[in-house]
Amino acid sequence: MPAFLITAAVIVIVFAIILNIPVLLEISYGTGRHEGKNKIQLRYSAVKIQLHPAKDDPDKKKNKKKAEKDKKKEKKKYSPEDISQTITNVRDVYNLLRRDIIRLVDYLAKKGVVFKNMELDAEIGTGDACSAGTVYGMINAFVYPILGFLHNTFTINRWRINLVPDFHVRRSDIYVLCILKTKLRYIIRMLWLIAVMCVKAYIKIKSNAREKA
């Protein structure tokens, strides 16, 4: 019996350690002089998983061309009625899942996700001083409210924003970096909440379809 209890305790401790090891998701995007810095990487302890760019596949080009051809063949034209019905379905599902969505966002903000690092480095120029100033103002009006929302909702350990207008040269040098930190137990909880929402949405759509039939 003591041996069994020791084994069970060891298993529980190991399982608890695994669930509490930090998981890092690093997302970066670059244009202009930052071209080539696009990356999506998942890190769990010493394990690194490169999600993007994917490893070279010898049949990648062939598969890509085939997928593009199939996509063109399967492309359909949607009528205004179809678009209106889709919008209605999305609105109905949102109204049904509003509480669950709010609960999920609240969970992410309080426990699930921490912004370990956020960076935005942008040098924007249109070649015209007047339009460059307008674009610069629009970018500021877009970026800082989002930053304020994230800062008031989530935990952000470090952030840096550098927006520079270029009134002489046409350029678009943008670099975005976001590192999210969470734990495996939070991911399992988030997946459970998302699964519940998907089931509710599926039931709602099926119920609406039967009522209209």
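Remember, it's a predicted structure, so these values are computed and weren't measured experimentally. (Residues numbered from 1 in each chain as written. Predicted model: local features only at pLDDT ≥ 70, side-chain atom pairs only at ≥ 80, totals over all residues. Heavy atoms only, no water.)

A word on the side chain of Asn117. Relative to the elements of secondary structure, Asn117 occurs in strand β4 (residues 114-126). In terms of polar contacts, Asn117 uses its side chain to reach the side chain of Glu119, at 3.3 Å. Beyond its immediate chain neighbours, meaning those up to four positions away, Asn117 contacts Arg158, Leu177, Cys178 and Ile179. (Helix = DSSP H or I, 4+ residues; strand = E, 2+ residues; numbered from the N terminus. Polar contact = N/O pair within 3.5 Å; in protein donor to acceptor, adjacent residues only side chain to side chain. Contact = heavy atoms within 4.5 Å.)

Here we take up unusual backbone geometry. For the peptide bond that leads from His52 to Pro53, omega is -5 degrees, which places it in the cis range. Relative to the helices and strands, Pro53 is located in the loop between β3 (47-52) and α2 (60-74). Residue Ser45 is not a glycine yet carries a positive backbone phi of 60 degrees. Considering the arrangement of structural elements, one finds Ser45 in the loop between β2 (39-44) and β3.

Before going further, it helps to spend a moment on the packing of helix α1 (residues 2-20) against helix α5 (residues 184-212). For the pair α1 and α5, the least separation of the axes is 5 Å and the interaxial angle reads 75 degrees. The angle between the axes of α1 and α5 places the two elements in the roughly perpendicular class. From α1, Ile18, Leu19 and Asn20 reach across to α5, where they touch Leu184, Arg185 and Ile188. Residues belonging to the contact of α1 with α5 are distributed by class as follows: four nonpolar, one polar and one charged. (Axes fitted to C-alpha atoms, helices over the stretch in contact; angles between N-to-C directions. Parallel < 35°, antiparallel > 145°, perpendicular 65-115°, else oblique. Nonpolar A, V, L, I, M, F, W, Y, C, P; charged D, E, K, R; others polar.)

A cluster of nonpolar side chains, contributed by Ile27, Ile40, Val47, Ile49 and Leu51, occupies part of the molecular surface with about 380 Å² of accessible area. Considering every element that reaches the nonpolar patch, the biggest residue donor is β3, with three residues. Topologically, Leu51 is positioned in strand β3. (Patch = residues over 30% accessible without salt bridge, like charges linked within 9 Å, V, L, I, M, F, W, Y side chains within 5 Å. Areas by Shrake-Rupley, 256 points an atom, 1.4 Å probe, with all protein chains shown as cover. Salt bridge = Lys/Arg side-chain N within 4 Å of Asp/Glu carboxyl O.)

A word on the nonpolar core. Leu104, Leu108, Phe115, Met118, Leu150, Phe154 and Met190 are the most contacted members of the largest nonpolar core, which has 20 residues in total. Secondary-structure elements contributing two or more residues to this core are α3 (80-112), β4, α4 (129-153), β7 (170-183) and α5. Here the element with the most residues in this core is α3; it accounts for six residues. Membership of the second largest hydrophobic core comes to five residues, among which are Leu120, Ala122, Val143 and Leu163. (Core = buried A, V, L, I, M, F, W, Y, C linked by side-chain atoms within 4.5 Å. Buried < 20%, exposed > 50% of the residue type's maximum accessible area, 1.4 Å probe, protein only.)

Taken as a whole, this structure holds one aromatic pair when the rule is applied. Geometrically, the ring pair formed by Phe115 and Phe154 is edge-to-face, given 5.4 Å between the ring centres and 75 degrees between the ring planes. Taken together, the residues span a long stretch of sequence, with Phe115 in strand β4 and Phe154 in the loop between α4 and β5 (155-156) at a distance of 39 residues. The exposure class assigned to Phe115 is buried, which follows from its relative accessible area of 10%. Here Phe154 falls in the buried class, since its relative accessible area comes to 15%. Its guanidinium or amino end placed over the ring of Tyr175, Lys37 lies 5.0 Å from that ring's centre, counting from NZ or CZ. (Phe/Tyr/Trp six-rings, centres within 6.5 Å; stacked < 30°, edge-to-face > 60°. Lys NZ or Arg CZ within 6 Å of the ring centre and 35° of its normal.)

These figures come from the coordinates and say nothing about function on their own.
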